Amino acid sequence: MDKVLKLLNSKADKEYAIFQAKLTPNVAPELFIGVRVPEVRNLAKTFINDKDSASFLEELPHKYYDEYMLHGVLISLIKDYDKVIYYLDKFLPYVDNWAVCDICSPKCFKKHKIELLKEIEKWIKSKHTFTIRFGIEMLMSWYLDDDFKKEYLEMVSIIRSNEYYVNMMIAWFFATALTKQWGSTIKYIEENKLSPWVHNKTIQKAIESYRITNEQKDYLRKLKV
(Lines give C-alpha, C1' and ligand atoms only; values in the text may rest on other atoms or scores of the structure.)
Protein backbone atom coordinates (compact mmCIF):
# COMPACT_ATOMS: atom_id res chain seq x y z
CA MET A 1 0.00 0.00 0.00
CA ASP A 2 1.50 3.31 -1.13
CA LYS A 3 0.23 5.20 1.91
CA VAL A 4 2.01 2.80 4.28
CA LEU A 5 5.25 2.90 2.30
CA LYS A 6 5.21 6.71 2.37
CA LEU A 7 4.74 6.65 6.15
CA LEU A 8 7.56 4.17 6.62
CA ASN A 9 9.93 5.92 4.24
CA SER A 10 9.31 9.20 6.07
CA LYS A 11 10.99 7.58 9.11
CA ALA A 12 13.72 5.71 7.23
CA ASP A 13 17.16 5.48 8.79
CA LYS A 14 19.60 3.88 6.34
CA GLU A 15 22.23 3.20 8.99
CA TYR A 16 19.65 1.42 11.10
CA ALA A 17 18.55 -0.59 8.06
CA ILE A 18 22.11 -1.89 7.69
CA PHE A 19 22.27 -2.70 11.40
CA GLN A 20 18.91 -4.50 11.43
CA ALA A 21 19.82 -6.52 8.34
CA LYS A 22 22.83 -7.91 10.22
CA LEU A 23 20.57 -9.03 13.08
CA THR A 24 18.12 -10.68 10.71
CA PRO A 25 20.36 -12.48 8.19
CA ASN A 26 17.62 -14.59 6.63
CA VAL A 27 15.97 -11.44 5.18
CA ALA A 28 17.55 -9.81 2.13
CA PRO A 29 19.28 -6.48 3.02
CA GLU A 30 17.40 -4.56 0.32
CA LEU A 31 14.10 -5.32 2.07
CA PHE A 32 14.90 -3.12 5.08
CA ILE A 33 13.63 0.46 5.00
CA GLY A 34 15.24 1.19 8.36
CA VAL A 35 12.42 2.34 10.63
CA ARG A 36 13.34 2.05 14.30
CA VAL A 37 10.98 0.08 16.53
CA PRO A 38 9.76 3.08 18.60
CA GLU A 39 8.88 4.84 15.33
CA VAL A 40 7.05 1.74 14.08
CA ARG A 41 5.02 1.72 17.28
CA ASN A 42 4.21 5.43 16.96
CA LEU A 43 3.14 4.99 13.34
CA ALA A 44 0.94 2.06 14.33
CA LYS A 45 -0.83 4.06 17.04
CA THR A 46 -1.72 6.68 14.45
CA PHE A 47 -2.46 4.36 11.54
CA ILE A 48 -4.70 1.97 13.53
CA ASN A 49 -7.46 4.62 13.34
CA ASP A 50 -6.95 5.23 9.62
CA LYS A 51 -9.72 4.01 7.31
CA ASP A 52 -7.09 2.13 5.29
CA SER A 53 -5.61 0.16 8.18
CA ALA A 54 -8.02 -2.76 7.73
CA SER A 55 -7.13 -2.96 4.04
CA PHE A 56 -3.44 -3.04 4.89
CA LEU A 57 -3.99 -5.92 7.32
CA GLU A 58 -5.66 -7.89 4.53
CA GLU A 59 -2.89 -7.09 2.05
CA LEU A 60 -0.45 -10.00 2.18
CA PRO A 61 2.27 -10.74 1.38
CA HIS A 62 4.16 -7.50 1.91
CA LYS A 63 7.47 -6.69 0.29
CA TYR A 64 9.42 -4.96 3.05
CA TYR A 65 10.48 -6.13 6.51
CA ASP A 66 9.24 -2.84 7.96
CA GLU A 67 5.75 -3.45 6.55
CA TYR A 68 5.64 -6.73 8.42
CA MET A 69 6.84 -5.03 11.60
CA LEU A 70 4.07 -2.46 11.31
CA HIS A 71 1.57 -5.24 10.59
CA GLY A 72 2.59 -7.10 13.75
CA VAL A 73 2.27 -4.00 15.92
CA LEU A 74 -1.12 -3.13 14.42
CA ILE A 75 -2.46 -6.57 15.30
CA SER A 76 -1.12 -6.11 18.83
CA LEU A 77 -3.19 -2.92 19.21
CA ILE A 78 -6.54 -4.45 18.20
CA LYS A 79 -8.86 -4.87 21.19
CA ASP A 80 -11.33 -7.32 19.64
CA TYR A 81 -10.06 -10.85 20.37
CA ASP A 82 -11.82 -12.52 17.45
CA LYS A 83 -10.39 -9.96 15.03
CA VAL A 84 -6.91 -10.53 16.41
CA ILE A 85 -7.17 -14.28 15.84
CA TYR A 86 -8.55 -13.70 12.35
CA TYR A 87 -5.65 -11.41 11.41
CA LEU A 88 -3.06 -13.67 13.06
CA ASP A 89 -4.25 -16.66 11.06
CA LYS A 90 -3.66 -14.64 7.90
CA PHE A 91 -0.39 -13.08 9.09
CA LEU A 92 1.62 -15.84 10.77
CA PRO A 93 2.19 -18.00 7.66
CA TYR A 94 4.05 -15.05 6.09
CA VAL A 95 6.32 -14.32 9.08
CA ASP A 96 9.85 -15.36 8.16
CA ASN A 97 12.05 -13.89 10.90
CA TRP A 98 12.34 -13.67 14.67
CA ALA A 99 11.93 -9.89 14.95
CA VAL A 100 8.54 -9.71 13.24
CA CYS A 101 7.42 -12.78 15.19
CA ASP A 102 8.44 -11.36 18.54
CA ILE A 103 7.08 -7.83 18.06
CA CYS A 104 3.54 -9.16 17.79
CA SER A 105 2.06 -9.40 21.29
CA PRO A 106 -1.68 -8.68 21.43
CA LYS A 107 -2.67 -7.08 24.71
CA CYS A 108 -6.26 -8.32 24.44
CA PHE A 109 -5.02 -11.85 25.17
CA LYS A 110 -4.92 -10.95 28.86
CA LYS A 111 -8.72 -11.17 29.02
CA HIS A 112 -9.11 -14.27 26.85
CA LYS A 113 -6.74 -16.85 28.30
CA ILE A 114 -9.18 -19.76 28.16
CA GLU A 115 -9.89 -19.32 24.44
CA LEU A 116 -6.28 -18.48 23.69
CA LEU A 117 -5.02 -21.86 24.94
CA LYS A 118 -6.81 -23.59 22.06
CA GLU A 119 -5.06 -21.32 19.58
CA ILE A 120 -1.67 -21.87 21.23
CA GLU A 121 -2.13 -25.64 21.01
CA LYS A 122 -2.83 -25.23 17.30
CA TRP A 123 0.13 -22.90 16.70
CA ILE A 124 2.72 -25.07 18.40
CA LYS A 125 1.64 -28.04 16.28
CA SER A 126 2.20 -26.06 13.07
CA LYS A 127 4.88 -27.01 10.56
CA HIS A 128 5.78 -23.34 10.14
CA THR A 129 8.81 -22.26 12.19
CA PHE A 130 7.60 -18.86 13.29
CA THR A 131 4.04 -19.95 13.99
CA ILE A 132 5.46 -22.49 16.45
CA ARG A 133 7.74 -19.83 17.93
CA PHE A 134 4.82 -17.43 18.32
CA GLY A 135 2.72 -20.06 20.08
CA ILE A 136 5.49 -20.86 22.58
CA GLU A 137 6.07 -17.16 23.18
CA MET A 138 2.40 -16.56 23.95
CA LEU A 139 2.42 -19.47 26.41
CA MET A 140 5.50 -17.95 28.03
CA SER A 141 4.00 -14.46 28.14
CA TRP A 142 0.61 -15.31 29.62
CA TYR A 143 0.73 -18.64 31.45
CA LEU A 144 3.79 -18.79 33.71
CA ASP A 145 2.40 -16.64 36.53
CA ASP A 146 -1.01 -16.88 38.22
CA ASP A 147 -2.47 -19.02 35.42
CA PHE A 148 0.38 -21.54 35.49
CA LYS A 149 -0.27 -25.27 35.18
CA LYS A 150 2.38 -27.99 35.03
CA GLU A 151 0.86 -29.28 31.80
CA TYR A 152 2.13 -26.16 29.99
CA LEU A 153 5.71 -27.27 30.61
CA GLU A 154 4.88 -30.65 29.11
CA MET A 155 3.29 -29.02 26.04
CA VAL A 156 6.56 -27.30 25.19
CA SER A 157 8.95 -30.03 26.33
CA ILE A 158 7.65 -32.52 23.74
CA ILE A 159 8.33 -30.18 20.82
CA ARG A 160 11.23 -31.42 18.73
CA SER A 161 12.59 -29.28 15.91
CA ASN A 162 15.69 -28.79 13.81
CA GLU A 163 14.89 -25.09 13.54
CA TYR A 164 17.19 -22.76 15.47
CA TYR A 165 14.48 -20.15 16.10
CA VAL A 166 12.10 -22.75 17.52
CA ASN A 167 14.74 -24.25 19.79
CA MET A 168 15.85 -20.84 21.02
CA MET A 169 12.26 -20.05 21.99
CA ILE A 170 11.90 -23.38 23.82
CA ALA A 171 15.06 -22.54 25.78
CA TRP A 172 13.77 -19.04 26.47
CA PHE A 173 10.46 -20.50 27.66
CA PHE A 174 12.11 -22.92 30.09
CA ALA A 175 14.64 -20.37 31.34
CA THR A 176 11.76 -18.00 32.10
CA ALA A 177 9.80 -20.83 33.70
CA LEU A 178 12.77 -21.53 35.98
CA THR A 179 12.62 -17.94 37.24
CA LYS A 180 8.90 -18.14 37.95
CA GLN A 181 8.10 -21.79 38.64
CA TRP A 182 11.40 -23.29 39.77
CA GLY A 183 9.99 -26.27 41.64
CA SER A 184 8.01 -27.60 38.69
CA THR A 185 10.47 -26.64 35.98
CA ILE A 186 13.77 -27.86 37.43
CA LYS A 187 12.55 -31.46 37.08
CA TYR A 188 12.65 -31.08 33.30
CA ILE A 189 16.34 -30.22 33.56
CA GLU A 190 17.16 -32.85 36.17
CA GLU A 191 15.44 -35.57 34.15
CA ASN A 192 16.85 -34.46 30.77
CA LYS A 193 13.44 -34.07 29.18
CA LEU A 194 14.68 -31.53 26.63
CA SER A 195 16.95 -32.08 23.64
CA PRO A 196 20.65 -31.67 24.60
CA TRP A 197 21.05 -28.34 22.79
CA VAL A 198 17.87 -26.87 24.30
CA HIS A 199 18.81 -28.27 27.71
CA ASN A 200 22.18 -26.50 27.73
CA LYS A 201 20.82 -23.30 26.20
CA THR A 202 18.10 -23.19 28.87
CA ILE A 203 20.75 -23.46 31.57
CA GLN A 204 22.85 -20.76 29.92
CA LYS A 205 19.94 -18.34 29.66
CA ALA A 206 18.79 -19.06 33.21
CA ILE A 207 22.29 -18.47 34.59
CA GLU A 208 22.33 -15.11 32.80
CA SER A 209 19.11 -14.08 34.58
CA TYR A 210 19.23 -11.82 37.64
CA ARG A 211 16.05 -13.56 38.85
CA ILE A 212 17.92 -16.82 39.48
CA THR A 213 19.80 -17.04 42.81
CA ASN A 214 23.52 -17.81 42.95
CA GLU A 215 22.72 -21.14 44.60
CA GLN A 216 20.34 -22.03 41.79
CA LYS A 217 22.93 -21.03 39.20
CA ASP A 218 25.55 -23.25 40.82
CA TYR A 219 23.12 -26.16 40.78
CA LEU A 220 22.22 -25.57 37.11
CA ARG A 221 25.90 -25.58 36.13
CA LYS A 222 26.16 -29.13 37.46
CA LEU A 223 23.28 -30.24 35.21
CA LYS A 224 24.87 -29.38 31.87
CA VAL A 225 25.12 -32.27 29.44
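Residues numbered from 1 in each chain as written. Predicted model: local features only at pLDDT ≥ 70, side-chain atom pairs only at ≥ 80, totals over all residues. Heavy atoms only, no water.

**With respect to unusual backbone geometry**
- Residue P61 is bonded to the preceding L60 through a cis peptide linkage, with omega at 0 degrees.
- Position of P61 among the secondary structure elements: in the loop between α4 (53-58) and α5 (65-77). (Helix = DSSP H or I, 4+ residues; strand = E, 2+ residues; numbered from the N terminus.)

**Structural notes on the packing of aromatic side chains**
- A complete count under the given rule lists 13 aromatic pairs for this structure.
- Centre to centre, the rings of Y16 and F19 are 6.0 Å apart; their planes meet at 40 degrees, and the pair counts as tilted. One end of the pair, Y16, and the other, F19, are both in helix α2 (residues 14-23), three residues apart, so they sit about a helical turn from each other.
- Assessed through its relative accessible area of 12%, Y16 is described here as buried.
- Of the residues examined, F19 reaches a relative accessible area of 45% and is grouped as partly exposed.
- Seen from their ring centres, Y164 and W197 are 5.9 Å apart, and the 65 degrees between their planes marks the pair as edge-to-face. Taken together, the residues Y164 in helix α11 (residues 164-180) and W197 in helix α13 (residues 196-207) connect sequence positions 33 residues apart.
- By relative accessible area, W197 is classed as partly exposed at 39%.
- Among the aromatic residues, those joined into a cluster by ring pairs are F130, Y164, Y165 and W197. (Phe/Tyr/Trp six-rings, centres within 6.5 Å; stacked < 30°, edge-to-face > 60°. Buried < 20%, exposed > 50% of the residue type's maximum accessible area, 1.4 Å probe, protein only.)

**Thoughts on the packing of helix α1 (residues 2-9) against α5**
- In the contact formed by α1 and α5, the axes pass within 10 Å of each other and the chain directions differ by 100 degrees. Comparing their axes, α5 and α1 come out roughly perpendicular. Contact residues: α1 offers V4, L5 and L8, while α5 offers D66, E67 and L70.
- Across the contact of α1 with α5, the residue classes tally to four nonpolar, no polar and two charged. (Axes fitted to C-alpha atoms, helices over the stretch in contact; angles between N-to-C directions. Parallel < 35°, antiparallel > 145°, perpendicular 65-115°, else oblique. Contact = heavy atoms within 4.5 Å. Nonpolar A, V, L, I, M, F, W, Y, C, P; charged D, E, K, R; others polar.)

**Here we look at the side chain of T179**
- For T179, the position within the fold is in helix α11.
- A polar contact is formed between the side chain of T179 and the backbone oxygen of T176, at a distance of 2.6 Å.
- Once residues within four sequence positions are removed from consideration, T179 is found in contact with S209, R211 and I212. (Polar contact = N/O pair within 3.5 Å; in protein donor to acceptor, adjacent residues only side chain to side chain.)

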